[in-house]
Amino acid sequence: MRAPLSWINEFVDIPAKITAQQISDALVRVGFEVEETITQGNDLTGPLKFAKVLSIEELSGHKKPIRYVGLDCGEAAERFVICGATNFVVGDIVVAALPGAVLPGGFAISARETYGKTSNGMICSGRELGISDDHAGILVFTQAQATIGSDAIEGLQINDVIFDIAVNPDRGYALSIRGIAREVAASLDLDFRDPIDSLQNLEFKETGKGVTAKIADIETSSVFYLRTLSNFDPSAKTPLWMRRRIEKMGMRSISLVVDVTNYVMLELGQPLHAFDKAKINGGLTIKRAGKTQKFTTLDGQERNLDPDDLMVCDDDQPLSLAGTMGGLYSEITDSTTEIALEAAVFDQLCVAKNSRRHKLSSEASRRLERGVDPFLPQYASARFVQLLTAHSSAVHVATNVDGKPQLCARIKMAPSYVSKVLGLDVDAKTVVKHLRTVGCEVDENNFSVQPPSWRLDLHTPADLTEEVARMIGYDKIPSVLPPRPLHATLSTSQKRRRSISLMLANRGLAEVQSFPFTNQATIDAMGFVGERATTYKLANPMSEEFPLMRVHLVPGLIETAGRNLSRGAKDFAIFEMGSIFRSSQKLVPAFSPKLNKRPSQDEINKIFASVPNQGYHVAGLLVGKVENEDWQGKARNYSWQDAIAYAQDILNLCNLEWSISRSDFAPWHPGRCAELIVGGKAVAHAGELHPRIISSYGLPERSVAFAVALSALPDSELVKPKNVGTMPAAVQDVALIVDEAVTALDVEEALRKGAGPLLESITLFDRYDKIGDGKISLAFTLVFRDANRTLTGEEVAVLRESATAMASKACGAVLRTA
């Protein structure tokens, strides 16, 4: 939002001693960021005159158009200059820089010989004067707009300061000179003259019947003013002062009617739209489009209307995309003599949807979707009639209104609330003063506050407190750190996740992050059934190819591995940590609690009941070789043992006890998958992937994977200290022959039970399956230790015999002697 100082001065008497920097600081002090302060005219010196074009001689024989122009600069003799522009004719008024003038950039003007002629000055464009970026042609005016020979620096109001201000979305009122001037006056403690005051008693005589106004749905618009004018002369030109103000605001002059609508919007903040009355059949109604149809906007783009689009329609067709952009059919043209002016307050959400749906952000939509003063349509439309009738032959015909503006609800607050929130002693009189400064009406008897009509963002005592803080100055509020815990820390689950992630990364696995979406084909391909195959469908998926939430991490890792293999990768290990989603419960509709108090336990339960259960898992995929062949030995591929080892290491890192058993869990190979059980519940699976899946995704043979349900793991100590033995350990090896159907885990548990409490550890170090007759040999290392003394050989032998005896009894094990 640009705001020229000369326009602000119209509503606020700013002393000359206050500099532009001080005004900028004042705006920042009340919460507005000044992105740039533009000073126009400080590098421009005259003489600069308005001149009439008397003659034009076209000089031929050059690569570009060259004209030798005779000018009347209000001097005794005609002045001749060379000019390359062609957008003017004899009789037009132009701006001439005479010898001695210095243009922006230090460009000095002097008489010079060029193209065989003497150029005694220069005809200027807006960019050459530093007042616009337009360099397509020179500035052209009519004799009604400028006086021949007068000072163009003064006439064009070049010497000015323009503030480029960033306006927050909740402060739509500041997208106007009225709003900015109010903030400047409040911040500098100066008197503010509201331009609305001069419009309140403005009345216009009705000379006929105007176009009727109607709001079909009061939810879409609160008030609709429609003023009809006739007898307009389309040749009427925009006065120079208005044109220059519009240009300083970053807009361009188009025609008198359009310029007046833009001028009023910039001045007061109310968007207006003018229709050619001759194109209107019947009255105008604010209503939904109702059906899909074509509509061409003022920018010439044909758009497909949505049935929900809010439109301004006559009895036959839509004429305007409400609050966003008018239609090409009913635009003001060079033949328009009758005008219907719309001034309305549309529902903010409707305008925002119009703008987003059609990717069409306009000056009008930016204001209306932020909220506009509901009382403004009356005064802004009156201001339009006042300006148009003053500068043209237009005559007011009639005004029709539908709807009624409503003030926001009054707010009750205790004056002490401000001090409590700000942490600063603010007495009641100061609170009242600052609230009245921003436009509030305050009843000091019961301290109820009526927010001003233009402040649609004031609803609670906290909002009013913010206004008081702005007026006091945020720099006046003491900086006091709030009380906090002695130190910030991670939760137990966060520490566990970080430890696991760090451990896997240190082992050489690369962490990947995939989208948590899948499709039914992938779920079926993985062989998931039952609860593991049920999930939730997205209402607005990023891609129709993946409309479901994922039920497992391994499919995403497989797809990631497939992409990397197709790009030349061969041997790698990857892992991912993230949530999975299974439809194990029926969700209730979403619930949003009130934000002004803590939700009750029942409300909290409703919130959680509306959210899917999200298990947190870690999974890894091991592909190709773990070791390459070299002089030290042959290459080794990842195997199911590696996958199981990673899963066991994760549980071991969490200091958990587990048991292991065989499993036929998809997507692993039946019989080559291990299930890890903690507290009687399966929490992890690891092993070789199913050959069908390996073939389908082009993975190397016998690729392996593991997955651990972290959210299913019970809480445990992050660090589990162990006693360091000071007595020597006794190490015994034992080899047992058992049936091949007996698992090593069963044998280990039997040995552990028979060895007794002095057994410190037991490790399987060999498995030999060449014995035959369905037998295998399992070799274990047993470590015994007493914490207080050295064990004797006889004691260790007894313990060893006890362990093997229990293995023989429980598993049918026979001690191997050779």
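Above this text is the structure in question.
Reading guide: rules and limits
- Residues numbered from 1 in each chain as written.
- Predicted model: local features only at pLDDT ≥ 70, side-chain atom pairs only at ≥ 80, totals over all residues.
- Heavy atoms only, no water.
- Helix = DSSP H or I, 4+ residues; strand = E, 2+ residues; numbered from the N terminus.
- Rg over C-alpha atoms; globule rule 2.2 N^0.38 Å.
- Buried < 20%, exposed > 50% of the residue type's maximum accessible area, 1.4 Å probe, protein only.
- Contact = heavy atoms within 4.5 Å.
- Areas by Shrake-Rupley, 256 points an atom, 1.4 Å probe, with all protein chains shown as cover.
- Lys, Arg positive; Asp, Glu negative; His and termini not counted.
- Charge placed at Lys NZ, Arg CZ, Asp CG, Glu CD.
- Axes fitted to C-alpha atoms, helices over the stretch in contact; angles between N-to-C directions.
- Parallel < 35°, antiparallel > 145°, perpendicular 65-115°, else oblique.
- Left-handed = near helix turned anticlockwise from the far one by under 90°.
- Nonpolar A, V, L, I, M, F, W, Y, C, P; charged D, E, K, R; others polar.
- Polar contact = N/O pair within 3.5 Å; in protein donor to acceptor, adjacent residues only side chain to side chain.
- Pairing = 2+ DSSP bridges.
- Phe/Tyr/Trp six-rings, centres within 6.5 Å; stacked < 30°, edge-to-face > 60°.
- Lys NZ or Arg CZ within 6 Å of the ring centre and 35° of its normal.
- Disulfide = S-S within 2.5 Å.
- Arc of directions from axis to C-beta.
- Core = buried A, V, L, I, M, F, W, Y, C linked by side-chain atoms within 4.5 Å.
- Salt bridge = Lys/Arg side-chain N within 4 Å of Asp/Glu carboxyl O.

Trainee: Pulling in residues and values, what's your account of the overall build of the chain?
Mentor: A count of helical and extended segments in the chain gives 20 helices and 42 strands. Relative to the 2.2 N^0.38 estimate, which gives 28 Å for 818 residues, the radius of gyration of the chain is 42 Å and therefore markedly larger than a compact globule would have. Along the first, second and third principal axes, the C-alpha atoms of the chain reach 135 × 80 × 60 Å. Taken across its 818 residues, the chain has 47% of its residues classed as buried. Relative to all contacts within the chain whose residues are 6 or more apart in sequence, the contacts with residues 24 or more apart total 71%. Roughly 41,300 Å² of accessible area belongs to the chain as shown, and the carbon and sulfur atoms make up 50% of that amount. Across the chain, the 89 positively charged side chains and the 99 negatively charged ones have centroids separated by 3 Å.

Trainee: Break down unusual backbone geometry for me, citing the residues and quoting the values.
Mentor: Residue Pro-47 follows Gly-46 across a cis peptide bond; omega there is 10 degrees. Following the sequence through the fold, Pro-47 ends up in the loop between strand E2 (33-40) and strand E3 (48-59). A cis amide bond links Ala-666 to the next residue, Pro-667, at an omega of 10 degrees. Among the structural elements, Pro-667 can be located in the loop between strand E35 (659-663) and strand E36 (668-678). Of note, the phi angle at Phe-447 is positive, near 50 degrees, even though the residue is not glycine. Mapped onto the fold, Phe-447 is located in the loop between strand E26 (441-443) and strand E27 (448-450). Judged by relative accessible area, which is 7%, Phe-447 ranks as buried. In the Ramachandran plot, Asp-773 falls in the positive-phi region, its phi being about 55 degrees despite a non-glycine side chain. With respect to the element layout, Asp-773 can be found in the loop between strand E40 (759-772) and strand E41 (775-784).

Trainee: Lay out the packing of helix H6 (residues 256-268) against helix H9 (residues 376-390) with the relevant residues and their values.
Mentor: Viewed as axis vectors pointing N to C, H6 and H9 meet at an angle of 140 degrees, and their least axial separation amounts to 10 Å. Comparing their axes, H9 and H6 come out oblique. Crossing of H6 against H9: the hand is right-handed. Listed contacts from H9 to Leu-256, Val-257, Val-260, Thr-261, Tyr-263, Val-264, Glu-267 and Leu-268 of H6 are Leu-376, Tyr-379, Ala-380, Arg-383, Phe-384, Leu-387 and Leu-388. For the contact of H6 with H9, the residue count by class is 12 nonpolar, one polar and two charged.

Trainee: Which residues make up the packing of helix H19 (residues 744-755) against helix H20 (residues 793-811), and what are the values?
Mentor: Where H19 meets H20, the axes come as close as 7 Å, and the angle between the chain directions of the two elements is 135 degrees. When the interaxial angle is binned, H19 and H20 end up oblique. Considering how the two elements wind past one another, H19 and H20 form a crossing that is right-handed. On H20, the residues touching Asp-746, Val-747, Ala-750, Leu-751, Lys-753, Gly-754 and Ala-755 of H19 are Leu-799, Ser-802, Ala-803, Thr-804, Met-806, Ala-807, Ala-810 and Cys-811. Classifying every residue of the contact of H19 with H20 gives 10 nonpolar, three polar and two charged.

Trainee: Describe the side chain of Glu-675, with residues and values.
Mentor: Examined against the element boundaries, Glu-675 turns out to sit in strand E36. In terms of polar contacts, Glu-675 uses its side chain to reach the side chain of His-685, at 2.8 Å. Glu-675 has contacts with Ser-659, Ile-660, Ser-661, Ser-663, Ala-682, Ala-684 and His-685, leaving out every residue within four places of it along the chain.

Trainee: Help me get a handle on the pairing of E40, residues and values and all.
Mentor: In terms of strand pairing, E40 meets E41 through nine bridges, oriented antiparallel. For Leu-764, the partnering residue across the bridge sits in E41 and is Phe-780. Between E40 and E41, which pair antiparallel and follow one another directly, the connecting turn spans two residues, one of which, Asp-773, has a positive phi of 55 degrees.

Trainee: Before we move on, can you summarise the packing of aromatic side chains with the specific residues and values?
Mentor: Both the distance between ring centres and the angle between the ring planes are used here to describe each pair of aromatic rings. Enumeration according to the criterion identifies six aromatic pairs in this entry. Taking the centre distance of 5.6 Å and the plane angle of 20 degrees together, the rings of Tyr-646 and Phe-706 count as stacked. Of the two residues, Tyr-646 sits in helix H17 (residues 640-653) while Phe-706 sits in strand E38 (residues 704-709), which places them 60 residues apart along the sequence. Across this residue pair, the class does not change: Tyr-646 and Phe-706 are buried. Here the aromatic residues Trp-7, Trp-241 and Tyr-263 are joined through ring pairs into a cluster of three or more. Directly above the aromatic system of Tyr-616 lies the positively charged group of Arg-497, at a separation of 3.6 Å from the ring centroid.

Trainee: So what about the sheet that holds E26? Which residues, and what values?
Mentor: Read across the open sheet, the three strands follow the order E25-E27-E26; overall the sheet is antiparallel. Strands with a single pairing partner mark the edges of an open sheet, and in this sheet they are strand E25 (411-412) and E26. Bridge count between E25 and E27: two bridges; the pairing is antiparallel. What sits directly across from Ile-411, in E27, is Val-449.

Trainee: Describe the state of the cysteines, and please don't skip the residues or the numbers.
Mentor: Considering all chains together, one arrives at zero disulfides under this definition. The thiol of Cys-313 is unpaired, and the distance to the nearest cysteine sulfur, on Cys-350, comes to 13 Å.

Trainee: How would you sum up the pairing of strand E16 (residues 273-276)? Please name residues and give values.
Mentor: Residues His-273 and Phe-275 of E16 are buried on one face, and the alternating residues Ala-274 and Asp-276, pointing to the opposite face, are buried as well. The pairing of E16 with strand E23 (residues 339-346) spans four bridges and is antiparallel. Along E23, the bridge assignment pairs His-273 with Glu-342.

Trainee: Please provide a residue-by-residue account of helix H2 (residues 20-29), values included.
Mentor: Within H2, burial applies to Ile-23, Ser-24, Ala-26 and Leu-27. Down the axis of H2, the smallest arc covering the buried residues is 155 degrees, so these residues share one side. Buried residues belonging to H2 abut helix H1 (5-8), E2, strand E13 (160-166) and helix H4 (177-188).

Trainee: Quick one: what's the story with the nonpolar core, residue by residue and with numbers?
Mentor: Among the nonpolar cores identified, the biggest contains 104 residues, and Ile-165, Leu-284, Phe-346, Phe-384 and Leu-388 are the most heavily contacted of them. No other element matches the eight residues that H6 contributes to this core.

Trainee: Describe the pattern of salt bridges, with residues and values.
Mentor: A complete count under the given rule lists 41 salt bridges for this structure. Ionic pairing is found between Glu-576 and Arg-550, a salt bridge with its closest N-O pair at 3.1 Å. Here Arg-550 lies in the loop between strand E30 (548-549) and helix H15 (554-566) and Glu-576 lies in strand E31 (residues 572-581), a separation of 26 residues in the sequence. In this pair, the class of Glu-576 matches that of Arg-550, namely buried.

Trainee: A description of the sheet that holds strand E39 (residues 730-739) should follow, citing residues and the corresponding values.
Mentor: Taking strand neighbours across the sheet as the criterion, the four strands line up as E40-E41-E39-E42 in an open arrangement whose pairing is antiparallel. For this open sheet the edge positions go to E40 and strand E42 (814-815), each flanked by a neighbour on one side alone. The sheet contacts of H19 involve E39, E40 and E41, and relative to E41 the element is tilted by about 40 degrees.

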